[in-house]
Every structure is written in C-alpha cells, then in structure tokens.
Amino acid sequence: MALSITQLRNRLARAGQATRLCFHVTFADGSTLRNRDGNPVVRLTFRTRRAELAVALFGHVGLLESYFDQSLDIDGDIAQMFAIGFESGFANAPGPLVRLRNRFHEVRFSNRTREQARANACFHYDLGEDFYSRWLDEALMMYTCGYWREGTETLEQAQVNKVEHVCRKLLIEPGHSVVDIGCGFGGFMFHAAERHGANVCGINTAPGQVAYVDAAVRRRGLTGQLEVREADFRDVHARFDRVVSIGVLEHAGRDQLAEVVQAHADFLAPRGLGMLHFIGHVGRFETEFYIRRHIFPGGWIPSLAETIEALESAGLEVVDIENLRRHYALTLDAWAERFERNWPDIHAIDPARFDERFRRTWRTYLVACAEMFRSAHQRTHLFQIVFSKGNITRENYPMSRAFLYAEQAKGAARKRRTAAG
C-alpha cells in the first residue's frame, strides 16, 4: 500500500506540473502537496488511507467515488478541479482496472434486452417531476442541450431556441405527423404542436415521464393532437412524416447503435426528414465509467463516424451536421447553478433519496460535463444530424442554411429600426 500511496503523490505532482492552475492536497497522514506558488483554486482533503488507495488504483474514478462517499472532500471551485484534470491529463486515460470495471458494467447493464433498457432509463429519468423542475428550464423542462444563439440570456430562451431550431431544420408544417423518440417531459411535443400545428406521438420508456406528459396533454386540451406511448425506442408501430430524436442515441447502448438507428429509419415515411440530436465522440473512445456507473447505467456515447455509418446502413441520407458542443457547456452551467441554489428544496422532497451522496454525485456530473464540453483537450461533442429517407431534391429541401436564420434576421432588423427611432 505504501508503494501505491507514493505513486499517487507522484502522479498528483506530475499533474500539478502540467497545469497552470494552483491546487493543494492534504493527505490522510497530514502531509500536504501544493503544485505551485499562489492561492489554490481548489483543495483536496483525504479523510482516509482507503480513499488514497482508491485514487492510486482507479485514478480520477477513485477520486470521484471517494468524494461521493465523503472519504475525500473538495473545497473551492470544483469546476476548476475538472479543468485541472482535463488540462493535465489526469482525467483523460482510464487505467486497466477502470477499463475492466467498464467491461463488467457492460455485461451487467447492457441495453441488449428491453427489460434492462427500461430499468436503466428508470434509474435516471424516473426521479420525479418535482426533482427535475427544481433545475431545468421552467418553459419546457428540456433535459438536453440548449441553443444559445447570439443575444440569448436565459436557459428558458435557450431551450425554446433549441426546439424551434429543430422544427425549422425539419420544415415542420401544420398537419405533419411527428414521432418524438425519447420525449422526456414533452417540451418538444408541445412546442411543435402549438407553434407549428404538428400531430406528435411521444415515445418514452420511463413510466413517470409518460404519466407526466399524458396529464399535461389532457390539461392543455391537446388530446386529439398529441399522444404519448410507453414503449422501447426500437418498437416501431407506425410511420411518420418527421422523426425527432433529442438526446436518445446516447442510451442506445454500445452494441445497439445500429438497431436503434434502424428503428429511426423504420419510423420514417419515404421522403421524410429526421434528426438525431446526440452527444458523440470525435474518434472511438470508451464512455466515461463513473457516468455509466453512477448516472446513466447502460449508456454509451457513439462516435460521429459510427453514427454516420449506421445511418448509411439504414438507407438514410445525411443532409446536414451541426456541432453544438459549446452550447452544452452553457446549458450545463445553468443547470449546475440552479441545482446548487435549489439543493435545500431538492433535499426536502425526499431526504433519504436526495442525500449528501446524491448531491455530490449529481453536482460532479453536471459540473464535470460542463468543463468537458468547454475543454480544448476533450473530444466529446454535441451533434445535430438532419437525415432523409431517400435522397432529397432541391425542390423539397432548401439549398443553404439561410432559411434557418431568416426570422432571426428580420427580428434584428426590427430592433435596429426601433433603436433608430
């Protein structure tokens, strides 16, 4: 064990040399490490030798799990700690023991069966509307990346921007039939129906969210226009003019990507348009283990290349690809701030469920992901791919992206005229 602790100290010292930021570590025996002169942006305090051993064996995963179980404390700016980890490489390359745990996790929690896929979805998404409403946007309760176009100041506006951006990309018109695969709390469904006159069917595997959407549909008087079905994403029951998938592909699972993309194709009518909005890697990498273990069991982040190959194999044409990575950093910043600010209310919902371990785990997840999307050293991005079933023509889809921004340009012109008097 002494050798492992020595290796830990040496590894932290090397990480300290590779970052411009100052940090301070206090070990369980009272000894300390400061990587450089200055005021530390973050301080780590090991409470037990076991926590030190966990970090020595499992690297950043051991560090985070020790933080979750309160055998290690993190004081100061936790976001800067992740910036240090990404900049120094400490959080970048999982060791052999973490890779082994990740492989075992895949065996145990794979989305291969519909039963396990449903259980995985419920683990994360059935935490209740009361919980999610404390930190998601008030307008739509969208739990996916917002669209922070110039002039956007609030999370609410960023999420309205996002669903409108999707509707515009897919040329959604009154009367169009649309399937929203993985509809969450129904934000896109309501926007597409009320703003664009679409008839939308939501698909969701989480019973709690299905019940919430169904009640909201009836409350808004949209029963004839909207419906929600509790079903696996692979269970195709009809064809639609448009297919929308916002934040679902990450839950397909490592070996189910082709199957889930094929289902998207099967949902789509000939000449129809669809969108995949998903977190994807540039290159082929393992999905971060602590996220899979503690936040999204069974989840898997595919590469952009793998996704394009799956689309091609399903007979779909890629029409447009946009990278919104920077937008996700801003979205996560807003979520993390609201989560921290409203933690007392979250804890009060169910003190046994939303305890200190939960707070530390979810705080880490939100802040770490924000820094990951912000980092110049990471290769995890957020893509929107527009696809069609059958090659599109110049008559049924615009030849440039100008149509996406025409209304925005008109609004800016109106503001300039108003300002000019």
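Look up a bit, the structure's there.
The structure reproduced in this document is the subject of the present report. (Residues numbered from 1 in each chain as written. Predicted model: local features only at pLDDT ≥ 70, side-chain atom pairs only at ≥ 80, totals over all residues. Heavy atoms only, no water.)

**Remarks on the overall build of the protein chain**
Part 1: Within the protein chain, the regular secondary structure consists of 16 helices and 11 strands.
Part 2: A compact globule built from 421 residues would reach a C-alpha radius of gyration of about 22 Å, and the protein chain, at 23 Å, matches this within 12%.
Part 3: Expressed along its principal axes, the backbone C-alpha trace of the protein chain runs to roughly 70 × 60 × 40 Å.
Part 4: For the protein chain, the residues scored as buried account for 55% of the 421 residues in total.
Part 5: For the protein chain, restricting intrachain contacts to residue pairs at least 6 apart in sequence, the fraction spanning at least 24 positions comes to 71%.
Part 6: Accessible surface, the protein chain: about 18600 Å² in total, of which carbon and sulfur atoms supply 50%.
Part 7: Treating the 54 positive side-chain charges of the protein chain as one cloud and the 51 negative ones as another, the clouds have centres 3 Å apart. (Helix = DSSP H or I, 4+ residues; strand = E, 2+ residues; numbered from the N terminus. Rg over C-alpha atoms; globule rule 2.2 N^0.38 Å. Buried < 20%, exposed > 50% of the residue type's maximum accessible area, 1.4 Å probe, protein only. Contact = heavy atoms within 4.5 Å. Areas by Shrake-Rupley, 256 points an atom, 1.4 Å probe, with all protein chains shown as cover. Lys, Arg positive; Asp, Glu negative; His and termini not counted. Charge placed at Lys NZ, Arg CZ, Asp CG, Glu CD.)

**Looking at the packing of aromatic side chains**
Part 1: Counted according to the given criterion, the structure contains 32 aromatic pairs.
Part 2: Aromatic side chains Tyr132 and Trp135 sit 5.7 Å apart centroid to centroid with 40° between the ring planes, which places their arrangement in the tilted category.
Part 3: Take Tyr132: its relative accessible area is 0%, and that puts it in the buried class.
Part 4: The buried category is assigned to Trp135, whose relative accessible area is 0%.
Part 5: Taken together, a centroid distance of 4.8 Å and an interplanar angle of 25° make the contact between Tyr328 and Phe373 stacked. One end of the pair, Tyr328, is in helix α13 (residues 325–341); the other, Phe373, is in helix α15 (residues 356–374), and 45 residues separate them in sequence. (Phe/Tyr/Trp six-rings, centres within 6.5 Å; stacked < 30°, edge-to-face > 60°.)

**Observations concerning the pairing of strand β8 (residues 240–246)**
Side-chain positions along a regular strand alternate between the two faces of the sheet.
Part 1: Buried residues dominate β8, accounting for 6 of its 7 residues.
Part 2: Bridge count for strand β5 (residues 177–181) against β8 is 4 bridges, and the pairing is parallel. By the bridge assignment, Asp180 is partnered in β8 with Val244.
Part 3: Across 6 bridges, β8 lies against strand β9 (residues 268–281) in parallel orientation. Bridged to Ser245 within β9 is Leu276. (Pairing = 2+ DSSP bridges.)

**Quick look at unusual backbone geometry**
Part 1: Phi at Gln70 is positive, roughly 70°, even though this residue is not glycine.
Part 2: Mapped onto the fold, Gln70 is located in the loop between α2 (49–68) and β4 (72–76).
Part 3: A relative accessible area of 42% means that Gln70 is categorised as partly exposed.
Part 4: For Arg271, which is not glycine, the phi dihedral falls at a positive 70°.
Part 5: Taking relative accessible area as the criterion, Arg271 reaches 52% and is therefore assigned exposed.

**Things to note about the nonpolar core**
Part 1: Membership of the largest hydrophobic core comes to 71 residues, with the highest contact counts inside it found for Phe131, Tyr132, Trp135, Tyr143 and Trp362.
Part 2: Not counting residues up to four positions away in its chain, the partners in contact with Trp135 are Tyr143, Leu155, Trp335, Arg338, Phe339, Ile346, Trp362 and Leu366.
Part 3: Grouped together as the second largest cluster of nonpolar side chains are 30 residues, Val160, Ile172, Val200 and Leu226 included. (Core = buried A, V, L, I, M, F, W, Y, C linked by side-chain atoms within 4.5 Å.)

**Regarding the sheet that holds strand β1 (residues 23–26)**
Part 1: Spatially, 4 strands are ordered β2-β1-β3-β4 in an open sheet, and the strand pairing comes out mixed. Each edge of the open sheet carries a strand with a single partner, namely β2 (32–34) and β4. Between one strand axis and the next, the sheet turns by 15° as a mean value, whatever way the strands run.
Part 2: Relative to β2, β1 runs antiparallel, the two being bridged by 3 bridges. Note that in β2 the partner of Val25 across the bridge is Leu33. (Axes fitted to C-alpha atoms, helices over the stretch in contact; angles between N-to-C directions.)

**Side note on a nonpolar patch on the surface**
Part 1: A cluster of nonpolar side chains, Leu57, Leu97 and Leu100, forms an exposed patch at the surface whose accessible area comes to about 250 Å².
Part 2: Along the polypeptide, Leu100 turns up in helix α4 (residues 96–109).
Part 3: Take Leu100: its relative accessible area is 49%, and that puts it in the partly exposed class. (Patch = residues over 30% accessible without salt bridge, like charges linked within 9 Å, V, L, I, M, F, W, Y side chains within 5 Å. Salt bridge = Lys/Arg side-chain N within 4 Å of Asp/Glu carboxyl O.)

**Observations concerning the environment of His281**
Part 1: Tracing the backbone through its elements, the reader meets His281 in strand β9.
Part 2: One polar contact links His281 to Thr380, side chain to side chain, over a distance of 3.5 Å. (Polar contact = N/O pair within 3.5 Å; in protein donor to acceptor, adjacent residues only side chain to side chain.)

**Comments concerning the sheet that holds β9**
Part 1: Strand order in the open sheet formed by 7 strands is β7-β6-β5-β8-β9-β11-β10, and the pairing between neighbours is mixed. In this open sheet, the two strands that pair with only one neighbour each are β7 (226–230) and β10 (316–323). Strand-to-strand twist of the sheet, defined as the mean angle between neighbouring strand axes without regard to direction, takes the value 15°.
Part 2: Helix α9 (residues 207–219) rests against β6 (199–204) and β7 of the sheet, and its axis sits at about 165° to β7.

**Description of the packing of helix α3 (residues 78–88) against α15**
Part 1: Direction vectors running N to C along α3 and α15 enclose 50°, while the axes themselves pass 9 Å from each other. Relative to α15, the element α3 lies oblique. Seen along the crossing, α3 lies across α15 with a hand that is right-handed. On α15, the residues that touch Ile78, Ala79, Phe82, Ala83 and Phe86 of α3 are Arg363, Thr364, Val367, Ala368, Glu371 and Met372. (Parallel < 35°, antiparallel > 145°, perpendicular 65-115°, else oblique. Left-handed = near helix turned anticlockwise from the far one by under 90°.)

**Examining the pattern of salt bridges**
Part 1: One pass over the full model with this rule turns up 28 salt bridges.
Part 2: The residue Arg112 makes a salt bridge to Asp255 at a minimum N-O spacing of 3.7 Å. Here Arg112 is found in the loop between α4 and α5 (114–125), whereas its partner Asp255 is found in the loop between β8 and α10 (257–267), with 143 residues between them in sequence.
Part 3: For Asp255, a relative accessible area of 45% gives the class partly exposed.

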